Amino acid sequence: MRVLVVTAVPVERDAVTRAFGGTPETLALPGAELHRSGAFDVLAGGAGPSAAAAATAFALARATPAPASASCGGTPPRPYGLVVSAGIGGGFAPAAPLGSLVVASGIVAADLGAETPDGFLPVTALGFGRDRFTPPPALVREVAAATGAAPGPVLTVSTVTGTADRTAALLAAHPGALAEAMEGFGVAEAADRAGVPVLELRAVSNTVGPRDRAAWRIGDALAALTQAFGKAAPVLEGWKGRNSHEDLEG
Ligand SMILES: O=C(O)c1cccc(C(=O)CC[C@H]2O[C@@H](n3cnc4c(=O)[nH]cnc43)[C@H](O)[C@@H]2O)c1
């Protein structure tokens, strides 16, 4: 099965492809370069949910076979069976310490909604849109077992959290959240519209809280990301899709 992995920046993309060894083949896409290693296509789609959604949607559309009537012959594209949002992220203390891994049991749009005097209302409470996607639970369990990643909700934010007050507000609105990053929901929105399951895997580079850039451990997190993909690759590549009763309901 082919897997599309979407990171924000090129150093994250390269941390993922390093896990597969060798030199990836590169393919030019508008606005990005796809790095192909075996079954894995890895793309640095840009930072933030909008860039991530656009890059993911483009890569998915490019790999979707045209209807037979529109086909011009040649080698048909091989569609993706799974999309993974991956990279570094902020971890909520104490559940997700520096250098640890988190696999999303839920991919949550943490700041998509309305602020009210009584607190945050997600878009779903306003009567439209979606505010979360649920990766296949069996796949989450398998990846957690293979990599040691903690399973739990991962928040997608458009602004990196930088104060204790905002950290507390996020945890109050999203109890049990393990990590935050900036792309997962955008990647998931594009994958869902293409009917492809999605996963999010993050290596913790910093603690969510008052901004302290000097305390970020990006190198350690990128090394953890490489290790994680080395261990998760057989699970991701071999995953057969909606293969359990639970996943059919999820
Ligand atoms: O400065 C560098 O050398 C560097 C190297 C690799 C990556 C970066 C990034 O800034 C990546 C941005 C990317 O990381 C995610 N991220 C990381 N920590 C947080 C956080 O606390 N809150 C939200 N997002 C975080 C996010 O997905 C960014 O797109 C820099």
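Residues numbered from 1 in each chain as written. Predicted model: local features only at pLDDT ≥ 70, side-chain atom pairs only at ≥ 80, totals over all residues. Heavy atoms only, no water.

In the nomenclature of an unreviewed UniProt entry, the chain corresponds to Futalosine hydrolase from the organism Kitasatospora albolonga. Quoted verbatim from the Catalytic activity (unreviewed entry) field of the UniProt record, the comment on the chain reads "futalosine + H2O = dehypoxanthine futalosine + hypoxanthine". If you open the UniProt record of the chain and go to Sequence similarities (unreviewed entry), you find "Belongs to the PNP/UDP phosphorylase family. Futalosine hydrolase subfamily." (UniProt positions renumbered as here; feature names shortened; annotations may be inferred.)

A. Local environment of the packing of helix α2 (residues 49–62) against helix α6 (residues 184–193). One way to put it is that α2 packs onto α6 with a least axis distance of 7 Å and a crossing angle of 30°. On the basis of their axis angle, the class for α2 and α6 is roughly parallel. Considering the relative orientation of α2 and α6, their crossing is right-handed. Where α2 approaches α6, its residues P49, A52, A53, T56, A57 and L60 are matched on the opposing element by G186, V187, A190 and A191. Of the residues belonging to the contact of α2 with α6, the class tally is eight nonpolar, two polar and no charged. (Axes fitted to C-alpha atoms, helices over the stretch in contact; angles between N-to-C directions. Helix = DSSP H or I, 4+ residues; strand = E, 2+ residues; numbered from the N terminus. Parallel < 35°, antiparallel > 145°, perpendicular 65-115°, else oblique. Left-handed = near helix turned anticlockwise from the far one by under 90°. Contact = heavy atoms within 4.5 Å. Nonpolar A, V, L, I, M, F, W, Y, C, P; charged D, E, K, R; others polar.)

B. Spatial organisation of the site of the ligand. Close contacts around the ligand come from 19 residues, with E180, M182, E183, N206 and R213 the closest. Measuring from an oxygen atom of the ligand, one finds a side-chain N or O atom of E183 at 2.5 Å. Against a free-state accessible area of 600 Å², the protein chains account for coverage of 80% of the ligand. At the level of elements, α1 (10–18), β5 (80–91), β11 (179–181) and β12 (198–207) are the ones that each hand at least two residues to the shell around the ligand. Each residue belonging to the shell around the ligand can be placed in one class, and the counts come to 10 nonpolar, four polar and five charged. (Near = heavy atom within 4 Å. Polar contact = N/O pair within 3.5 Å; in protein donor to acceptor, adjacent residues only side chain to side chain. Areas by Shrake-Rupley, 256 points an atom, 1.4 Å probe, with all protein chains shown as cover.)

C. Region of the structure containing the packing of aromatic side chains. Overall, the coordinates contain two aromatic pairs when judged by the stated rule. Where F20 meets F40, the ring centres are 4.4 Å apart and the plane angle is 20°; that geometry is what we call stacked. With F20 in the loop between α1 and β2 (25–29) and F40 in strand β4 (residues 40–44), this residue pair connects regions lying 20 residues apart in the sequence. The class of F20 is partly exposed, set by a relative accessible area of 22%. On the basis of relative accessibility, which here comes to 2%, the residue F40 falls in the buried class. The ring of W216 is capped by R213, whose NZ or CZ atom sits 4.8 Å from the centre of that ring. (Phe/Tyr/Trp six-rings, centres within 6.5 Å; stacked < 30°, edge-to-face > 60°. Buried < 20%, exposed > 50% of the residue type's maximum accessible area, 1.4 Å probe, protein only. Lys NZ or Arg CZ within 6 Å of the ring centre and 35° of its normal.)

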